[in-house]
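What the coordinates show
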Amino acid sequence: MAEIKLAAQVRTEFGKGAARRARRAHQVPAVVYGHGAEPVHITLPGHELLLALRTANVLIGLEIDGKDALVIPKAVQRNPLKGDIEHVDLLTVKRGEKVNVEIAVQVEGDLAPGGNLLEYVQNTLLVEAEATHIPESVTVSVQGLDAGASVLAKDIPLPKGSVLAGDEDAIVLQVVAAQAEEPAADSAEGEGEEG
């Protein structure tokens, strides 16, 4: 995974007013924490951060007051109406260090014929991987699976260097039979008419 470089500025103002001023200036308030160090409050360029966060578990190289820091996003808060990033929590990592991250589960193949439906019980898997080699996703084949079949976390092949960090017996995907809808009874006849 490629590392994305961003320039950060240390924040000296805190609170809602300061955060609003930063957002108006197209900056995003953030906090860098980890490795027992004191949290560092920073602002990041909004557009560049938005582009960087399009990749799940992106590795970001920050320059803070002349010092370099390697971080991954831990929590991203977005405006529920506009979708803009309002705040980011970043976790400091070191090269070679193992981290627990959630990666997307993708499927390939066709289910057995007969109107079966695939249900995602979990759409991510918790894995432990090296901070500089975090996989973006895992792919699972559902080719020929029939109703009643399920895929457990331990059945999913993980990329080299990654190990399962969550419950290995957790159901990730299951195949269910499609249920036919019963015709609705016309009990609404005559409603709205005056007698």
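All of these numbers come straight from a predicted model, not from anything done at the bench.

This brings us to the overall build of the chain. The number of helices and strands found in the chain is two helices and 13 strands. In terms of C-alpha radius of gyration, the chain reaches 23 Å, well past the compact-globule figure of 16 Å for 195 residues. The principal-axis extents of the C-alpha atoms in the chain amount to approximately 75 × 60 × 25 Å. Looking at the chain as a whole, 32% of its 195 residues qualify as buried. In the chain, the proportion of contacts linking residues at least 24 apart, taken out of those at least 6 apart, comes to 62%. Element-wise, carbon and sulfur atoms account for 48% of the exposed surface of the chain, whose accessible area totals about 12200 Å². Between the averaged position of the 17 positive side-chain charges in the chain and that of its 30 negative side-chain charges there is a distance of 18 Å.

This next bit is on helix α1 (residues 16-24). Among all positions in α1, only Ala-18, Ala-19 and Ala-22 are buried. Buried residues of α1 fall within an arc of 100 degrees about the axis and therefore sit on the same side. In α1, the exposed positions that point more than 90 degrees away from the buried face belong to Lys-16 and Arg-24. Within two residues after α1, His-26 carries a phi angle of roughly 60 degrees, on the positive side.

Glancing now at unusual backbone geometry. At His-26, a residue that is not glycine, the phi angle is positive and equals roughly 60 degrees. Secondary-structure assignment places His-26 in the loop between α1 and β2 (27-34). A relative accessible area of 64% means that His-26 is categorised as exposed.

Right, let's talk about the sheet that holds strand β7 (residues 98-108) for a bit. Pairing in this open sheet of four strands is mixed, and the strands run β10-β7-β9-β12 from one edge to the other. At either margin of the open sheet sits one strand with a lone partner, and together these are β10 (137-141) and β12 (163-164).

On the surface, a cluster of positive charge is made up of Lys-16, Arg-20, Arg-23 and Arg-24. Within the secondary structure, Arg-20 is located in helix α1. Assessed through its relative accessible area of 48%, Arg-20 is described here as partly exposed.

An order of β8-β13-β11 is seen for the three strands of this open sheet, with the pairing classed as antiparallel. In this open sheet, the two edge strands, each paired with only one partner strand, are β8 (116-120) and β11 (150-152). The mean angle between the axes of side-by-side strands here comes to 15 degrees, regardless of whether they run parallel or antiparallel. Direction of pairing for β11 relative to strand β13 (residues 171-177): antiparallel, over a ladder of three bridges. Opposite Leu-152, over in β13, you have Ile-171 as the bridge partner.

Cut-offs used in this document
Throughout this document, residue positions are counted from 1 along each chain, in the order its sequence is written. Local features are withheld for residues below a pLDDT of 70 in this predicted model, meaning they are given only at 70 or higher, and side-chain atom pairs are given and counted only at 80 or more; totals for whole chains, interfaces and linings count all residues. Where side-chain values are given, they derive from all heavy atoms of the structure, hydrogens and water being excluded. Each helix corresponds to a stretch of at least 4 residues labelled H or I by DSSP, and each strand to a stretch of at least 2 residues labelled E; elements are numbered beginning at the N terminus. Radius of gyration: over C-alpha atoms. The globule rule applied is 2.2 Å multiplied by the number of residues raised to the 0.38 power. The buried label goes to any residue with under 20% of its type's maximum accessible area, the exposed label to any with over 50%, and the partly exposed label to all in between, with areas taken from a 1.4 Å probe on protein chains only. In what follows, residue pairs with any heavy atoms lying within 4.5 Å of each other are defined as contacts. Here the open area of atoms and residues is found with the Shrake-Rupley method and a 1.4 Å probe, where only the protein chains shown may cover a residue. For the purpose of charge, His is not counted, nor are the chain termini; Lys and Arg are scored as positive and Asp and Glu as negative. The atoms used to mark charge sites are NZ of Lys, CZ of Arg, CG of Asp and CD of Glu. Summarising the geometry, the arc corresponds to the directions from the helix axis toward the C-beta atoms. Only strands that DSSP links by at least two bridges are regarded as paired with each other. A patch is a set of surface residues, each over 30% in relative accessible area and not in a salt bridge, joined within 9 Å for like charges and within 5 Å for the nonpolar side chains Val, Leu, Ile, Met, Phe, Trp and Tyr. Each reported salt bridge corresponds to a side-chain nitrogen of Lys or Arg within 4 Å of a carboxyl oxygen of Asp or Glu. Angles shown run from 0 to 180 degrees and are taken between the N-to-C directions of axes, each axis being a line fitted to C-alpha atoms and, for helices, limited to the stretch in contact.

Bear in mind that shape data such as this cannot, by itself, settle questions of function.
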